[in-house]
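Report on the structure
Here's the letter readout for the chains.
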Amino acid sequence: MEIPDMSSVSKYQSLFDFEGISMTHYLTDNWEKVKNFQARPDDILIATYPKAGTTWVSYTLDLLYFGNDAPERQTSQPIYMRVPFLESYIQGIPSGTELADNLPTSPRLIKTHLPVQLVPKSFWEQNSRIVYVARNAKDNAVSYFHFDRMNMGEPEPGDWNTFLQTFIEGNRVFGSWYDHVNGWWEKKQTYSNLLYMFFEDMVEDTGREVARLCSFLGLSTSAEQKEKITKGVQFDAMKQNKMTNYSTLPVMDFKISPFMRKGKVGDWKSHFTVAQNEQFDEVYKQKMKNATVKFRTEI
Ligand code: A3P
């Protein structure tokens with residue numbers, strides 16, 4: 001596969017308010033097309049707050065649907081081409097809407113980080129299936145910090161404490177983690193074609209979560225196939241796999257931090273100071289006081 005030319009991406013992007021959400025221009029420049037995107041009834045939308053396990057679930061779904069298809073798909077097409085990032089509009093690779101419009105597969109697997117209220121309305125009209133993945137706020141923040149350090153398409157993170165304060169304020173790309181996970185959780189109560197998954201559950205028992213996905217999607221994947229997929233999507237396998245580890249995307253500098261970094265639950269403990277943890281817990285209690293969704297910060 002050809003390595004995309006992303007040399008025109010300047011170092012670190014600025015944030016601005018877009019419909020009440022912090023965004024960068026790479027995610028809003030194509031807004032008319034995103035907003036008017038034509039979903040299909042068999043589309044599967046993979047929705048997450050950034051760094052909650054998007055790639056993990058994307059690859060799992062790709063294997064469930066297309067793992068037995070032409071081997072070139074698995075060996076020459078990076079995951080970001082197989083599962084287009086809907087709102088992305090960045091030099092060097094086709095826009096998310098263009099990639100999605102041209103996907104030859106059925107179903108189409110499409111990724112988004114949009115908060116629920118900004119999802120193009122055709123997904124709701126078509127009653128497309130949606131898999132939402134959420135990750136506990138502390139690990140999500142740590143993973144996001146390292147991602148913003150190494151990805152030149154992201155805003156500058158500053159040091160860990162600076163980053164953490166902006167995360168708490170909802171001032172990172174795609175806005176507030178709290179609003180995102182709660183908004184999607186509420187949607188689940190009225191939209192039955194939505195499966196709400198947790199990163200922590202995937203780490204705890206990947207096989208069980210693969211089976212949950214199959215049952216939500218109505219797939220009759222054999223036990224043997226499920227086992228094979230469960231092995232194929234383990235952290236080490238995906239880290240070694242050039243098609244899933246993002247090593248083909250030059251906008252990321254793996255010398256700073258790899259995309260497949262640790263893949264753990266509880267890594268926040270090696271980042272949060274006692275004071276940061278106390279502050280975080282206090283804010284969390286406030287912001288989540290009406291929330292019914294529950295997260296695990298350790299397993
Ligand atoms: P860490 O930075 O904590 O390692 P996204 O795909 O939404 O950007 O999420 C990336 C995070 O998911 C990274 O977290 C990455 O390591 C983790 N991840 C990706 N694939 C994984 C897997 N197979 N097992 C465990 N974690 C995985």
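Please read all numbers here as calculations on a predicted model, not as lab measurements.

Quick notes on the rules
- Residues numbered from 1 in each chain as written.
- Predicted model: local features only at pLDDT ≥ 70, side-chain atom pairs only at ≥ 80, totals over all residues.
- Heavy atoms only, no water.
- Core = buried A, V, L, I, M, F, W, Y, C linked by side-chain atoms within 4.5 Å.
- Buried < 20%, exposed > 50% of the residue type's maximum accessible area, 1.4 Å probe, protein only.
- Helix = DSSP H or I, 4+ residues; strand = E, 2+ residues; numbered from the N terminus.
- Contact = heavy atoms within 4.5 Å.
- Polar contact = N/O pair within 3.5 Å; in protein donor to acceptor, adjacent residues only side chain to side chain.
- Expected span 1.5 Å × (residues − 1).
- Arc of directions from axis to C-beta.
- Pairing = 2+ DSSP bridges.
- Salt bridge = Lys/Arg side-chain N within 4 Å of Asp/Glu carboxyl O.
- Axes fitted to C-alpha atoms, helices over the stretch in contact; angles between N-to-C directions.
- Near = heavy atom within 4 Å.
- Areas by Shrake-Rupley, 256 points an atom, 1.4 Å probe, with all protein chains shown as cover.
- Nonpolar A, V, L, I, M, F, W, Y, C, P; charged D, E, K, R; others polar.

**Comments concerning the nonpolar core**
Counting 93 residues, the largest nonpolar core has Leu61 and Tyr196 as the members making the most contacts within it. Among the elements that line this core, the one with the most residues is helix H2 (residues 54-66), at eight residues. Setting aside residues no more than four positions away along its own chain, Tyr196 makes contact with Tyr132, Ala134, Val181, Trp184, Trp185, Lys188, Arg212, Val293 and Phe295.

**Looking at the side chain of Asn151**
Mapped onto the elements of the fold, Asn151 is located in the loop between helix H7 (137-150) and helix H8 (160-169). Within the structure, the side chain of Asn151 is placed 2.8 Å from the backbone nitrogen of Gly153, a separation counted as a polar contact. Those residues in contact with Asn151, other than ones at most four positions away along the chain, are Tyr12, Val251 and Met252.

**Re helix H14 (residues 274-287)**
The end-to-end C-alpha distance of H14, which contains 14 residues, comes to 20 Å, matching closely the 20 Å that a straight helix rising 1.5 Å per residue would cover. Along H14, the residues that are buried comprise Gln276, Asn277 and Phe280. The buried residues of H14 all sit within an arc of 95 degrees when viewed along its axis, so they share a single face. Across from the buried face of H14, at angles greater than 90 degrees, the exposed residues are Val274, Ala275, Glu278 and Lys285. Looking at the packing, one finds that the buried side of H14 touches H7, H8 and helix H9 (177-190).

**Concerning the pairing of strand E4 (residues 109-112)**
Every second residue of E4 is oriented toward a common face, with Leu109 and Lys111 on one face and Ile110 and Thr112 on the other, all of them buried. As defined by bridge partners, strand E3 (residues 44-48) adjoins E4 across four bridges and the pair is classed as parallel. For Leu45, the partnering residue across the bridge sits in E4 and is Ile110.

**Observations concerning the pattern of salt bridges**
Inspection of the entire model under this criterion finds 15 salt bridges. A salt bridge links Arg208 to Glu204; the shortest N-O distance between them is 3.1 Å. Judged by its relative accessible area of 40%, Glu204 falls in the partly exposed class. Overlapping salt bridges bring together Asp201, Glu204, Arg208, Glu209, Arg212 and Arg296 as one network.

**Details of the sheet that holds E3**
The sheet built from four strands is open, its strands ordered E4-E3-E5-E6 with parallel pairing. Of all strands in the sheet, those with a lone pairing partner are E4 and strand E6 (194-198), marking the two edges. Geometrically, the sheet is characterised by an average inter-axis angle of 20 degrees between neighbouring strands, direction not taken into account. Sheet topology places strand E5 (residues 129-134) next to E6; five bridges connect them, and they run parallel. Looking at E6, one finds that Tyr132 is bridged to Tyr196. Against the sheet, H2 engages E3, E4 and E5, with an angle of about 165 degrees to E3. Strands E3, E5 and E6 of the sheet are contacted by H9, whose axis makes an angle of about 140 degrees with E6.

**Regarding the site of the ligand**
Near the ligand there are 18 residues, and of these Thr54, Thr55, Ser143, Lys262 and Gly263 occur at the shortest range. One nitrogen or oxygen atom from the main chain of Val233 is found 2.7 Å from a nitrogen atom belonging to the ligand. Phe235 is positioned with one of its backbone polar atoms (N or O) 3.5 Å from a nitrogen atom of the ligand. Compared with its free state, where it exposes 560 Å², the ligand has 97% of that area covered by protein. Those elements that place two or more of their residues in the shell around the ligand are H2 and helix H13 (235-240). When its residues are assigned to classes, the shell around the ligand shows eight nonpolar, six polar and four charged.

**Some details on the environment of Lys285**
Locating Lys285 in the fold gives a position in helix H14. Overall, the relative accessible area of 56% leaves Lys285 in the exposed class. Here the alpha-carbon distance between Lys285 and Ser247, two residues 38 residues apart in the chain, equals 38 Å.

**Focus on the pairing of E5**
Of all six residues that make up E5, six are buried, and the element is covered over most of its length. Every second residue of E5 is oriented toward a common face, with Arg129, Val131 and Val133 on one face and Ile130, Tyr132 and Ala134 on the other, all of them buried. Pairing of E3 with E5 involves five bridges; the strand directions are parallel. What sits directly across from Thr48, in E5, is Val133.

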